[in-house]
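Structure assessment
Here is how the chains run, residue by residue.
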Amino acid sequence: MGLDRLTTAWRRGLKQLRRGLPLHVVATVAMAAALAVVGLAFSFLGQLDALGDRLSQQLKLVVFLKPIDQTAVSALAGRISAWPEVAGLRSVSSAEALDRLRQLLGPQARLIDQLGPEVMPPLFELELKPEALEPTALTGLRQRLGELEGVEEVAYLEDLAQRFRDWLKTIRRLGLAVVLGLVLTGLFIAFAAVRLSFLAHGQEIRILRLIGADVWFIRGPFLIQGAVQGLAAGLAAAVLLLVFDLGLGLASGPWRLRLLGLAGAGRVVLLGGLVGWLGAWLSLARSREDW
């Protein structure tokens, strides 16, 4: 399609949009709503891994030590801190570990009031880097720690970690299903809007066919109509999400999740244009029998 023909198709497509403005406004609003939810779902799914890494850091690896002197504890802490899998190490003394136990027991803490700090071994709390949280890497790290002199036991909340990973996988699958359903909804809306517009211009199309107009001269305006409608819906959805993100947000502090950002907004607009164009193309393929 040459530049002149493309310009002509563009003008005719916009003219057709103006003629059926109420229909196209309703279709654009419906598409914008679907695309806004798609953008929100994509944004959420894209941050699940990062959220999982942050939450997994709270599932610390706990290294219980044998009764060793403070010099040996410090030397062992320095050795473990230098390992590449370890993001941070906190040394907990026997007295601090006993205080934690008292807080955990609450009113029943009087049962251990007569016990001294020596009944609780000192321990290390290790924060691991994300790559060390994989099951294979974690198993190897636990084995290495257990072989160190002065280490009594290594504990990790494996069941909780696995349940959390399974939960993330389930949420991701559900999110992808919702995204697919909403994209198909937008596709159907664009399909129906262009189909109705095509039927409304039936007499004009038949005249064009009689005077020898080719397929692209007839199709072009409808394809542009679908693309413009999709771009408008995508732009409206992106603006809505950006305004919501800037005005309300989802959380505060280090747990704040941003909805889109400018790059994400651009992707929503492009997705809208693609969905609108594809819906128009499918509608025209379905409409061949009416030519």
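See the structure above.
Okay, so let's go over this structure. (Residues numbered from 1 in each chain as written. Predicted model: local features only at pLDDT ≥ 70, side-chain atom pairs only at ≥ 80, totals over all residues. Heavy atoms only, no water.)

1. Some points on the pattern of salt bridges
Inspection of every chain in the model, using the stated rule, returns 2 salt bridges. Among the salt bridges present, the one from arginine 144 reaches glutamate 85, with a minimum N-O distance of 2.6 Å. Taken together, the residues arginine 144 in helix 5 (residues 135–146) and glutamate 85 in the loop between helix 3 (70–81) and strand 2 (86–92) connect sequence positions 59 residues apart. (Salt bridge = Lys/Arg side-chain N within 4 Å of Asp/Glu carboxyl O. Helix = DSSP H or I, 4+ residues; strand = E, 2+ residues; numbered from the N terminus.)

2. Here we look at helix 3
The terminal C-alpha atoms of helix 3 lie 16 Å apart, and with 12 residues this matches the ideal 16 Å at 1.5 Å per residue to within 8%. Listed in full, the buried residues belonging to helix 3 are Val73, Leu76, Ala77 and Ile80. Viewed end-on, helix 3 has its buried residues packed into an arc of 105 degrees, placing them on one side of the element. Counted as exposed and oriented over 90 degrees from the buried face of helix 3: Thr71, Ala75 and Arg79. Here the buried face of helix 3 lies against strand 1 (61–65), strand 2, strand 3 (123–128), helix 5 and strand 4 (151–155). (Expected span 1.5 Å × (residues − 1). Buried < 20%, exposed > 50% of the residue type's maximum accessible area, 1.4 Å probe, protein only. Arc of directions from axis to C-beta. Contact = heavy atoms within 4.5 Å.)

3. Notes on the sheet that holds strand 2
Overall, antiparallel pairing links the 4 strands, which are arranged 2-3-1-4 in an open sheet. In the strand order of this sheet, the two ends are held by strand 2 and strand 4, each with one partner. Recorded for the sheet is a direction-independent mean angle of 20 degrees between the axes of neighbouring strands. Across 6 bridges, the pairing between strand 2 and strand 3 is antiparallel. (Pairing = 2+ DSSP bridges. Axes fitted to C-alpha atoms, helices over the stretch in contact; angles between N-to-C directions.)

4. Points about the pairing of strand 3
With 5 of its 6 residues buried, strand 3 lies for the most part within the structure. By the bridge criterion, 4 bridges tie strand 1 to strand 3 in an arrangement that is antiparallel. When the bridges of strand 3 are listed, phenylalanine 64 appears paired with leucine 123.

5. Structural notes on the side chain of threonine 28
With respect to the element layout, threonine 28 can be found in helix 2 (residues 21–56). Residues contacting threonine 28, with those up to four places away along its chain left out, are Gln229, Ala232 and Ala233.

6. Some details on the packing of aromatic side chains
Where two aromatic rings form a pair, the distance of their centres and the angle of their planes describe that pair. All chains considered together, the criterion is met by 0 aromatic pairs. The ring of tryptophan 83 has arginine 144 lying over it, and the distance from NZ or CZ to the ring centre is 4.1 Å. (Phe/Tyr/Trp six-rings, centres within 6.5 Å; stacked < 30°, edge-to-face > 60°. Lys NZ or Arg CZ within 6 Å of the ring centre and 35° of its normal.)

7. Observations regarding a nonpolar patch on the surface
On the surface, Leu274, Trp277, Leu278, Trp281 and Leu282 cluster together to form a nonpolar patch covering roughly 440 Å² of accessible area. Its place among the elements puts tryptophan 281 in helix 9 (residues 261–286). (Patch = residues over 30% accessible without salt bridge, like charges linked within 9 Å, V, L, I, M, F, W, Y side chains within 5 Å. Areas by Shrake-Rupley, 256 points an atom, 1.4 Å probe, with all protein chains shown as cover.)

8. A closer look at helix 7 (residues 202–210)
Taken together, the buried positions of helix 7 are Gly202, Ile205 and Leu208. Looking straight down helix 7, one finds its buried side chains confined to an arc of 125 degrees; they lie on one side. Facing away from the buried surface of helix 7 by more than 90 degrees, the exposed residues are Gln203 and Leu210. Of the residues flanking the end of helix 7, it is glycine 212, one or two places downstream, whose phi is positive at about 95 degrees.

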